[in-house]
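For reference, the chains in residue letters:
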Amino acid sequence: MIEKLISYLNENKIGGFFIARPQNVRYMSGYTGEDSYLFITDTEKFFITDPRYTEQAQQECPDFTIVNWREHGKTLSDAIKSTIEKTSIKNFGFEGDFVTYNIYKELTFENKAEAVALNGIIENFRSIKTPEEIHNLRAACQIADRAFERIIKDIRVGVTEKELASNLSHYMVMEGADTKPYGNILISGKRTSLLHGIPSNKTIEYGDFVLMDYGCGYKGYLSDMTRTVVVGKATDKQKEVYALEKKMLEDSTAMMKAGTHATDVYNASVKAIKDTEYFKYHYNGIGHGIGLFVHEIPFMGPRSNEILKENNVITIEPGIYIPDWGGVRIEDQVLITSDGNEVLTSSVRDLIEL
Ligand code: GLY
Ligand code: MN
Ligand code: MN
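Rules behind the numbers
- Residues numbered from 1 in each chain as written.
- Chains lettered and ligands numbered in written order.
- Predicted model: local features only at pLDDT ≥ 70, side-chain atom pairs only at ≥ 80, totals over all residues.
- Heavy atoms only, no water.
- Near = heavy atom within 4 Å.
- Areas by Shrake-Rupley, 256 points an atom, 1.4 Å probe, with all protein chains shown as cover.
- Pairing = 2+ DSSP bridges.
- Helix = DSSP H or I, 4+ residues; strand = E, 2+ residues; numbered from the N terminus.
- Axes fitted to C-alpha atoms, helices over the stretch in contact; angles between N-to-C directions.
- Contact = heavy atoms within 4.5 Å.
- Phe/Tyr/Trp six-rings, centres within 6.5 Å; stacked < 30°, edge-to-face > 60°.
- Buried < 20%, exposed > 50% of the residue type's maximum accessible area, 1.4 Å probe, protein only.
- UniProt positions renumbered as here; feature names shortened; annotations may be inferred.
- Core = buried A, V, L, I, M, F, W, Y, C linked by side-chain atoms within 4.5 Å.
- Donors = N, O, S within 2.8 Å, 3.2 Å for Na, K, Ca; no water.

Under the annotation held in an unreviewed UniProt entry, the protein carries the name Xaa-Pro aminopeptidase and is attributed to Sedimentibacter saalensis.

Structure below.
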């Protein structure tokens, strides 16, 4: 990946790249810790960190020159500035979307090289997954699937959303996930219309939808899936909305292959509800790339400019959200192949009545 970045910099006559976004630091260096920065030119690779992480950086990033900013200068900014001055470059890129104002000031103040904001360069590389990344993403999806098998046994009248959310995180770690959980959504009843609802102390009641939107990391690579179940017997309306949602998922997933425009996937997703009262309750954002971060390019929706590419890994998550009634989302994670796709999450998609 470093070679790809160097080629990009050379082609665009840019002398180096200062990298601050944690996922980009990891992608470029293999470093799994925090609070660290890279500065890369075509002849040098600096890894700028503090003493908490120097040993880890030496182990994980043997090809980098480790700069301990506490020894090097009074502040992180001093170290960044003098590291850049060690090179003979005339200009360098930085991630405009991620560099803080204070670091930006140091990058530009009395610095001999010009700082140029570059956005999305490494994110573009990251949107096409390598075989190793696909292996890790597949493992993260399988862990989430195994956790689903376990959590549905816990869902019953009287337990709280928070208890279930906590169990879900625990099951994923027990099934092999990285220890850091990330924002699982587990909501019930009328609260399921909240697109990003937070698990609460509400107890599960008979007849509730329970919506679980969750995932885990495996070696840093994330899964993201959603299943919605009913506690007890589903009502006719619950069955109707669920069936439409499932059709939306099936129609849109069937479109996903290399070369398809993301808007065509969106159009397929709304086919089932276009002429129904439910159209006004769908949400436009029907999927996103996923990897070291949960929401990555390509984003899919009616105004997307993206064309799906081989080895993108993308979620597909149409949904119907009816305020003060409830919502249904089913979300899968999909690997795009040259002639179709492979759905990496495999939990059952039929309506489960618990
Ligand atoms: N709930 C956010 C997502 O699945 O992307
Ligand atoms: Mn999700
Ligand atoms: Mn998602």
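The discussion continues.
**Describing the site of ligand 1**
Close to ligand 1 lie Ile185, His196, Asp213, Asp224, His288, His295, Glu317, Arg329 and Glu331, which account for all nearby residues. Summarising the interface, the protein chains cover 90% of the accessible area of ligand 1, which totals 200 Å² for the free molecule.

**Some details on the sheet that holds strand β5 (residues 91-94)**
Taken together, the six strands give an open sheet; going across it, the order is β4-β3-β2-β1-β5-β6, and neighbouring strands pair in mixed fashion. In this open sheet, the two edge strands, each paired with only one partner strand, are β4 (65-68) and β6 (114-117). When the angles between neighbouring strand axes are averaged without regard to direction, this sheet yields 25°. In this sheet, β6 lies alongside β5 in parallel orientation, the contact comprising four bridges. The partner of Phe94 across the bridge, within β6, is Ala117. Contacts from helix α6 (residues 101-108) reach β1 (16-19), β2 (37-41), β5 and β6 within the one sheet, and its direction differs from that of β5 by about 170°.

**Some thoughts on the packing of aromatic side chains**
Between two aromatic rings, the relevant description is the distance of the centres plus the angle of the planes. Here the structure, examined in full by the defined rule, presents seven aromatic pairs. Centre to centre, the rings of Phe47 and Phe64 are 6.2 Å apart; their planes meet at 85°, and the pair counts as edge-to-face. Highlighted residues: Phe47 in strand β3 (residues 45-49) and Phe64 in the loop between α3 (54-60) and β4, separated in sequence by 17 residues. Like Phe47, the residue Phe64 is buried in the burial classification.

**Brief notes about the environment of Leu164**
Summarising the element assignment, Leu164 is placed in helix α9 (residues 161-174). Judged by relative accessible area, which is 1%, Leu164 ranks as buried. Separated by 10 residues in the primary sequence, Leu164 and Asp154 have C-alpha atoms spaced 7.2 Å apart. Once residues within four sequence positions are removed from consideration, Leu164 is found in contact with Ile151, Asp154, Ile155, Val159, Leu186 and Ile204.

**Focus on the UniProt feature "domain: Peptidase M24" (unreviewed entry) in the protein**
Under the UniProt annotation, the feature "domain: Peptidase M24" (unreviewed entry) is placed at residues 136-337. When the span residues 136-337 is considered, its composition is 29% helix and 22% strand, and the gap between its end C-alpha atoms is 17 Å.

**What about the nonpolar core?**
With 33 residues, the main nonpolar core has Leu5, Phe17, Ile19, Met28, Leu38, Ile40 and Phe47 as its most contacted residues. For this core, the secondary-structure elements that each account for two or more residues are α1 (2-11), β1, α2 (22-29), β2, α7 (121-126), α8 (131-151) and β10 (221-222). Among residues more than four places away in sequence, those in contact with Leu5 are Phe17, Ile19, Met28, Ile40, Ile121 and Phe125. Counting residues in each nonpolar core, the second largest holds 26 residues, with Tyr278, Leu308, Ile322 and Val334 among its members.

**Section: the coordination of the manganese ion (ligand 2)**
Those donors, Asp213 (OD), Asp213 (OD), Asp224 (OD) and Glu331 (OE), are the protein atoms that reach the manganese ion (ligand 2), and they lie 1.9 to 2.8 Å from it. For the manganese ion (ligand 2), all donor residues lie on one chain, and their spacing in sequence is D-x10-D-x106-E. Separating the manganese ion (ligand 2) and the manganese ion (ligand 3) is a distance of 3.2 Å, and Asp224 donates to both of them. Pair noted here: Asp213 is in strand β8 (residues 209-214) and Asp224 is in the loop between β10 and β11 (225-230), with a separation of 11 residues, a long-range link. Taken individually, Asp213 and Asp224 each receive the classification buried, so the pair is uniform in this respect.

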